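# Architecture and fold: a report
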Protein chains: 2
Amino acid sequence: MLKLYTYFRSSAAYRVRIALNLKNLAYEAIPVHLVKDGGEHLKEDYRRVNPAGAIPALADRDLTLSQSLAIMEYLDEAYPYPPLLPPDPAARARVRAIALDIACEIHPINNLRVLKYLTGQLGLSEEQKMAWYRHWVELGLAAVEARLAGHSATGRFCHGEHPTLADCCLVPQVFNARRFACRLDHVPTVVRIDAECRTLPAFAAAAPENQPDAE
Amino acid sequence: MLKLYTYFRSSAAYRVRIALNLKNLAYEAIPVHLVKDGGEHLKEDYRRVNPAGAIPALADRDLTLSQSLAIMEYLDEAYPYPPLLPPDPAARARVRAIALDIACEIHPINNLRVLKYLTGQLGLSEEQKMAWYRHWVELGLAAVEARLAGHSATGRFCHGEHPTLADCCLVPQVFNARRFACRLDHVPTVVRIDAECRTLPAFAAAAPENQPDAE
């Protein structure tokens, strides 16, 4: 059985949980606590799974994969049905670009380790940290909205009538935005698609509050 | 002919230039200056090409693509030879993970707009900004090194004997690391592969100093 090294609140793990559920792939969840004891992901035990010490990692038999987007692309290649990417190269590029708008332009800047650097090494206040967080989320989601709103390929989901990699990234990012009280009134298409996705069992089962390690 | 909206020093544009050259695809370079007049990429003219205002964008007939990794995946699907990804799903996942170690974990945190926020909104010193920059590059490249060093799939290049997406991301990141005097003595495999890549004309022709808009 597939094994997912996960943390209930990790946005990157949340993406992969959605992808696994959309593909009806059963998996064993192995929780790795990102906060307790300075972070279990940085301890030697987990470094043996993923030397970079990042969550998630997916073990498929003798193979261990990391980087959430690479894991989802792998799942789409190794377990093709239902697909997480459309068949046409131009459409695939659009889906990947939306996913990367989130995974490259928003999430890394607001990662736990970056926030820790702001308040630790740089001695910034909690208020400055939260302003930073909201700045990048609100700006980044505006770019996603510009890509989605009024585009003929946008459908019930980010691309057409079936969930794709883009939706797997969108929902965890909106979850984080709500958790930290970011503005969302400027991104109505993002909000509409997020709500649409969360009606599906694959998304609901992947939500942080429904994980075995939820607090 | 393909058109690439590019800036000589943009690391993401540099990746795509390498990929285009590796595939022997001729393209017209349309320079977009990221610094002059507060950034041409943020003006209305360029927003019509890419609403997110990010460099690079690639126009292929009536299609305009953005996000460097999505562009490179598109090129690999639309113009398959020579491939930028190996055929096997596990190997593809490894190549993509290395590319994402750079494109998600290092580059976004040190993007121009992030550095501007540090010295602008947060009022940090030039010295604090550079310490930030080096911290994330040195830490991030250490994670890449851990993935490459001693791994049986690492060859002349990041994965085997042919350049892949991973090398397209590695070389621009090492270029940036050198430009800002980051430590590299802890990442000998990264340094060795970077040197190997730069002996190839496809990489050399894509280098910032060889662009029409180089300063």
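None of the values given here were measured: they were computed from a predicted structure. (Residues numbered from 1 in each chain as written. Chains lettered and ligands numbered in written order. Predicted model: local features only at pLDDT ≥ 70, side-chain atom pairs only at ≥ 80, totals over all residues. Heavy atoms only, no water.)

For the rest of this paragraph, the subject is the environment of A:Gly123. For A:Gly123, the location among the structural elements is in the loop between helix H5 (112-119) and helix H6 (126-148). Once the C-alpha coordinates of A:Gly123 and A:Glu209 are considered, the two residues, 86 residues apart in sequence, prove to be 32 Å apart. (Helix = DSSP H or I, 4+ residues; strand = E, 2+ residues; numbered from the N terminus.)

This paragraph deals with the pairing of strand E3 (residues 57-60) of chain B. All names here are of chain B. Of the two faces of E3, the one holding Ala57 and Ala59 and the one holding Leu58 and Asp60 are both buried throughout. Of the strand pairs in this sheet, strand E1 (residues 2-6) and E3 are connected by three bridges, and their pairing is antiparallel. Pairing of Tyr5 across the sheet is with Ala57, part of E3. Two successive antiparallel strands, E3 and strand E4 (residues 63-66), enclose a turn made up of two residues, where Arg61 displays a positive phi of approximately 50°. (Buried < 20%, exposed > 50% of the residue type's maximum accessible area, 1.4 Å probe, protein only. Pairing = 2+ DSSP bridges.)

Right, let's get into the packing of aromatic side chains. Any pair of aromatic rings gets described here by the distance separating the centres and the angle formed by the planes. Residue and element names in this part refer to chain B. Scanning the model with the defined rule gives 15 aromatic pairs over all chains in all. When the ring of Tyr133 is compared with that of Phe180, the centres are 4.6 Å apart and the planes differ by 55°; the resulting orientation is tilted. Residue Tyr133 is located in helix H6 (residues 126-148), and its partner Phe180 is located in the loop between helix H7 (165-179) and helix H8 (188-198); the two are separated by 47 residues in the primary sequence. Accessibility expressed as a relative area gives 3% for Tyr133, which makes it buried. (Phe/Tyr/Trp six-rings, centres within 6.5 Å; stacked < 30°, edge-to-face > 60°.)

Let us look at the domain arrangement of chain A. Residues and elements named next belong to chain A. Examined at the domain level, chain A breaks down into domain 1 (2-82) and domain 2 (89-203). Across the boundary between the two partners, domain 1 contributes 14 residues, which contact 19 residues of domain 2. Counting the surface lost from both domain 1 and domain 2, the interface buries some 1,600 Å², and carbon and sulfur atoms represent 67% of this. When the area that domain 1 buries against domain 2 is broken down by residue, the three leading residues are Tyr14, Arg15 and Ile18, summing to 35%. (Domains from an automatic or database assignment. Contact = heavy atoms within 4.5 Å. Buried area = accessible area lost by both parts, 1.4 Å probe.)

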